[in-house]
Every structure is written in C-alpha cells, then in structure tokens.
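# Residue-level structure breakdown
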Amino acid sequence: RRVVAAMSRTLLALQESAHDDAIVEAYLTAALDASHEDALLNGLEALIDLVTEVPRLFRSKAPQTLTYVLQLVATRKGGVRALAVEFVVSFAEAAPATCRKARLEVNGVDACCGLLMEEDPAPEAWEVSEEPEPDLDAESGRELGRDALDRLARALRPEALLPRAMVVASELLQRGAQGDWRAARAACDALAQLAEHIGDLRAASAKARKNVPLLDGARTASTKKRVADLVTSLLPFATGYPAAVVRAAAWDALGQAAADLQPQLQDDHASVVLPALLNSIGGDAAPRVRACAARALLCFLDGCGFSTLEPHLEHCARTLSATLTEAPTFVREYCVAAAAALAASVESCWDERKKKMVSTELYGLFAPSLKPLIGGGGPGAAAAALRARSLECL
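Note that this is a predicted model, so its numbers are computed, not measured. (Residues numbered from 1 in each chain as written. Predicted model: local features only at pLDDT ≥ 70, side-chain atom pairs only at ≥ 80, totals over all residues. Heavy atoms only, no water.)

## What to know about the overall build of the protein chain
Helix and strand content of the protein chain: 21 helices and zero strands. Among the 394 residues that make up the protein chain, the fraction classed as buried is 52%. Sequence-distant contacts in the protein chain: of pairs separated by 6 or more residues, those separated by 24 or more amount to 71%. About 17,600 Å² of surface is accessible on the protein chain, with carbon and sulfur atoms providing 52% of the total. (Helix = DSSP H or I, 4+ residues; strand = E, 2+ residues; numbered from the N terminus. Buried < 20%, exposed > 50% of the residue type's maximum accessible area, 1.4 Å probe, protein only. Contact = heavy atoms within 4.5 Å. Areas by Shrake-Rupley, 256 points an atom, 1.4 Å probe, with all protein chains shown as cover.)

## Focus on a negative patch on the surface
Judged by side-chain charge, Glu 133, Asp 135, Asp 137, Glu 139 and Glu 143 come together as a negatively charged surface patch. Tracing the chain through its elements places Glu 133 in the loop between α8 (123-128) and α9 (141-156). (Patch = residues over 30% accessible without salt bridge, like charges linked within 9 Å, V, L, I, M, F, W, Y side chains within 5 Å. Salt bridge = Lys/Arg side-chain N within 4 Å of Asp/Glu carboxyl O. Lys, Arg positive; Asp, Glu negative; His and termini not counted. Charge placed at Lys NZ, Arg CZ, Asp CG, Glu CD.)

## A few points about the packing of aromatic side chains
Considering all chains together, one arrives at two aromatic pairs under this definition. Measuring from centroid to centroid gives 5.6 Å for Phe 237 and Tyr 241, while their planes differ by 25°, and the two rings are stacked. Take Phe 237 and Tyr 241: they sit in the same class, and that class is buried. (Phe/Tyr/Trp six-rings, centres within 6.5 Å; stacked < 30°, edge-to-face > 60°.)

## Observations concerning the nonpolar core
Judged by nonpolar contacts, the single largest core of 133 residues is most densely connected at Trp 251 and Leu 297. When residues of this core are assigned to their parent elements, the largest contribution, 12 residues, is made by helix α11 (residues 181-200). (Core = buried A, V, L, I, M, F, W, Y, C linked by side-chain atoms within 4.5 Å.)

## Thoughts on the environment of Gly 217
Mapped onto the secondary structure, Gly 217 falls in the loop between α12 (206-210) and α13 (223-240). Sequence spacing of Gly 217 and Val 167 is 50 residues, and the spatial spacing of their C-alpha atoms is 7.8 Å.

## Concerning unusual backbone geometry
Between Gln 262 and the following residue, Pro 263, the backbone shows a cis peptide bond with an omega angle of -5°. Structurally, Pro 263 is set in the loop between α14 (244-260) and α15 (264-283). For Arg 103, which is not a glycine, the phi torsion comes out positive at approximately 60°. Note on placement: Arg 103 falls in the loop between α6 (96-101) and α7 (104-116).

## Focus on helix α3 (residues 37-53)
Given 3.6 residues per turn, any residue in an α-helix points the same way as the ones three and four places further on. Compared with the 24 Å implied by 1.5 Å per residue over 17 residues, the 24 Å span of α3 between its first and last C-alpha is a close match. All of the buried residues in α3 are Leu 40, Gly 43, Leu 44, Ala 46, Leu 47, Ile 48, Leu 50 and Val 51. (Expected span 1.5 Å × (residues − 1).)

## Quick notes on the side chain of Arg 209
Checked against the element boundaries, Arg 209 lands in helix α12. No salt bridge forms around the buried Arg 209; measuring N to O, its nearest opposite-charge neighbour Glu 159 is 10 Å away. The residues contacting Arg 209, other than those within four sequence positions of it, are Leu 201, Arg 202, Ala 204, Thr 220, Ala 221 and Arg 226.

## Regarding the confidence of the model for the protein chain
Scored by pLDDT, the protein chain comes out at a mean of 84, with 84% of its residues at no less than 70. Low confidence marks residues 1-6, where pLDDT is under 50. Its contacts with residues over four positions away, or in another chain, come to eight contacts. (pLDDT = per-residue confidence, 0-100.)

## Concerning the pattern of salt bridges
According to the stated counting rule, one finds 16 salt bridges in the structure shown. For Glu 86, the salt bridge goes to Arg 151, with nearest N and O atoms at 3.0 Å. Of the two residues, Glu 86 is situated in helix α5 (residues 78-94) and Arg 151 in helix α9; the sequence distance between them amounts to 65 residues. With a shortest N-O distance of 3.1 Å, Arg 175 and Asp 180 are connected by a salt bridge. The class for Arg 175 is partly exposed, based on a relative accessible area of 39%.

## A short note on the environment of Leu 156
Mapped onto the secondary structure, Leu 156 falls in helix α9. Taking the C-alpha atoms as reference, Leu 156 lies 6.9 Å from Glu 105; in sequence the two are 51 residues apart. Sequence-distant contacts of Leu 156, that is, excluding residues within four places in its chain, are made with Ala 92, Pro 96, Cys 99, Arg 100, Leu 104, Glu 105 and Leu 161.

Take a look at the structure:
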C-alpha cells in the first residue's frame, strides 16, 4: 500500500515527455497485485485517480492493463469488481481514442453483458411478490453492467460501440428464445441502456448507421426500420415469455425506447404496442410485470399525440380505471401517473370541442376511482405517494 501511494505521487509529478515506461509498468504490477484483496482495492482506487488525471501515462500499456482489469471484472465479486468496472469506464471517459485502439468497444460490451447475466437469488419469489421490486445493490452485476454499458457508449461514441453491442444483444435474444431466461433478461437490460444511443445514430453518417446491424442481422441506414426492428424483437418477450422477470425487463426496455425514440416509435407502432401494453396492465399474473407495463405506458404516452392515441383512447382509459380499483398499491401508482399522461395527451387535440368532450368523459370515468385513493390508502410512504399522485391526476 505504501509503495502504491509513493509511486502514485511520482507518476503524477512526471511529465509526459519524460515518463519512463518501466516506472509505469512497475506501478501497475504493484497496484494490481491480486494476491491480497485489500492491496488490490487500494491499487484500483489509486489507478482510477491516476487514469482520470493523467491518462496519457497509461497509453502504451492500455491493451494489457484493460485485459487484466476486465479479467477481474469477470472473476471477482464485491468491491474489487465494482472498482475494476469503474477503472475501465473512467479510462474510456478520459482517453476514448486510446481505449478504442485497445478494442474496448468489443471487450467492454462483452464484459458488461456478462455482468447483466448475473442471476437473482430467488426469481420464483420475484414472480409472485405483491411488493415493488427492491433497488439493486450498487455492487450487483446487473447494476454495474447497466451503468457501465451506458457510460461506455457515451465515451466511445455510439457508432463505435453499437456494432458489437447489437450483435451480442441479438445472440442473447436468440438464447432467450430457446429458454435461457437469464440471457433474455440480459438482452432486455442491455437494449434499455442502448435505446438512447440508438436514437443518437440519427445524427451519424449513413455509412456509420449501416455499420450497426439490426437485431435481425440486416443492415440499413433507415431509422424507421431500426425502430421497427427493436419493437418487433422485444414485444414477444414482453407479452408471452414464461419468466415474469423477462416480461418485466422487456417492458422496461420498450418503455425506455418509447422515451428515447419518440415520436417515431409512437407514430409507427401504436397499433401493436398499445394493445399489448394494456393487456399486460390488466391481465398479467405477476404484479411487478403489470407495474413495468404501466411505467412503459407512461413513457409511451409522454411522446404520443392525440391523433395517434385517439383510436386506443377508450381501451386505454377503461383499462387504467379498472386497474385502479383492484391492483396492488405500487401498480396503481404507475397507473395514476399514466392516467395523468393520458389526460395531457388529450390536451394536444386541436379541435377544442372534441377536446372538451373527451376531457369531460375522462373525468367522469376516473373520478370515482381516484377520489377513494385521495381519501384513503392507509399509512406509509407508498400510500402517501399514491394519494399525492391521485390528487394531482384528478
């Protein structure tokens, strides 16, 4: 530990023109000593600080260093794994060109998706629970993988990372279709993080867009086809997959895609996405899947104009109203938020007479369900949040 600290100060004092590769190599050897976990934790912390402040010191050693640290990501747990992930991402953010030369856009994606494959301790209990899903631990594989994938895409640029990411996501979906629920959920988690960066491809050149394959393997510069590919690939997992954890993850991915790819996704795919969403909200056997579907509906409605929504308005309103009377509290909270978004979408109607008529009908439909929620619900933060949302919606 003392050696690492002393050498850190030495390296910080070196100028790029005078630094010695032998000193850097000796430092890396000391900092990444895997024989003692405490020493390794201290070494990784020091490396994160160094690579953030003087990333050029590690330019010549980038491929070897990243390969070694990615092995720690794959083989270790707990604090060592979390710090290893942070080092890789910090290196990419501080020196993206160096990391691209070291093929981090390939190896980093593989490492992130490996983290996303981490299994829940009790997926069966998850499926029947009537409580909201607890937040993931900051050092869990899924949380680390999600955050790292998003940050790597930002640092390395979507057009560099997405070619590999879409290939891996497609392979995971294929494994999921054959019954591997962990692979299916990992693909959905990855696509939820990548949706924003898929949207960013719209600003890239036609050549760069064609270099990013669709999930079905085709290549195109068309954003319209790319959005359609994402919807058609995810929807079967959201509506019919046997494992509830996968259905929930697929709805989360589609909800994130609706938020990041609006209004194109809403305009082109409302006729298939909205009925499927409403069927899940009203009829899925797992309460947590119903909550994820309601959250996805909220994202969908936020980018949905009245003309797109109008053919589905009655179905949407009646499904949400019915769910408010019988679902668990955390499901109802999302349904109330979706009902408010539904009312906001009606406000975009240009025909004032029709807008007033529809708003009056919605009030008559939702008021009997919302008023009891405002006045009741019992003690606790969840009940208080539901009361507040219900009052705001009404």
